[in-house]
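Fold and geometry: a report
If you want the building blocks of each chain, they are given just below.
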Amino acid sequence: MEAAGIEPPMDFPENSTNPAPGGAENGALAPEKPAIDPALASIIDTWPKLPEPLRAGILAMVRSAGG
């Protein structure tokens, strides 16, 4: 006898596939993401282009502020 896990047994056709990922089936909308502050968006957009020492300095300032 095999150990039972959390997967349903494959004896039934309706258990042979996983449901498609998605939101609620009752028509509820997914929560909207809050708007990002434009200044923060600018930092996020520029981050990959910043030299490592500048990134480290920004992170140090944020961490020293309790972030």
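Refer to the structure above for everything that follows.
A brief look at the structure comes next. By convention here, each chain's residues receive numbers from 1 onward along its written sequence. Local features in this predicted model are restricted to residues whose pLDDT is 70 or higher, and side-chain atom pairs enter the listing and the counts only when it is 80 or higher, whereas totals over whole chains, interfaces and linings include all residues. For side-chain calculations, the full set of non-hydrogen atoms in the structure is used, while hydrogens and water are omitted.

1. Focus: the overall build of the chain
Selection criterion: Secondary structure is summarised from DSSP: a helix means a run of H or I of at least four residues, a strand means a run of E of at least two, and numbering begins at the N terminus for each. Per-residue accessibility, obtained with a 1.4 Å probe over protein chains only, is compared with the maximum for each type, and a residue is labelled buried under 20%, exposed over 50%, and partly exposed between these values. Accessible areas in this description were obtained via Shrake-Rupley with a 1.4 Å probe; residue shielding takes into account the shown protein chains only.
Across its full length, the chain carries two helices and zero strands. Relative to its 67 residues, the chain shows a buried fraction of 1%. As displayed, the chain has an accessible area near 6,500 Å², and 63% of this comes from carbon and sulfur atoms.

2. Describing the environment of W47
For clarity, the threshold we go by: In this analysis, two residues are considered to be in contact whenever any of their non-hydrogen atoms come within 4.5 Å of each other.
Position of W47 among the secondary structure elements: in the loop between α1 (38–46) and α2 (52–64). Residues contacting W47, with those up to four places away along its chain left out, are R55, I58 and L59.

3. Focus on α2
For clarity, the threshold we go by: Every helix has an expected span of 1.5 Å times one less than the residues it contains.
If you check α2, its first and last C-alpha atoms are 18 Å apart, about what 13 residues at 1.5 Å a residue would give, namely 18 Å. Once α2 finishes, G66 follows within two positions and takes phi at roughly 95°, a positive value.

Shape descriptors only; they carry no functional weight alone.
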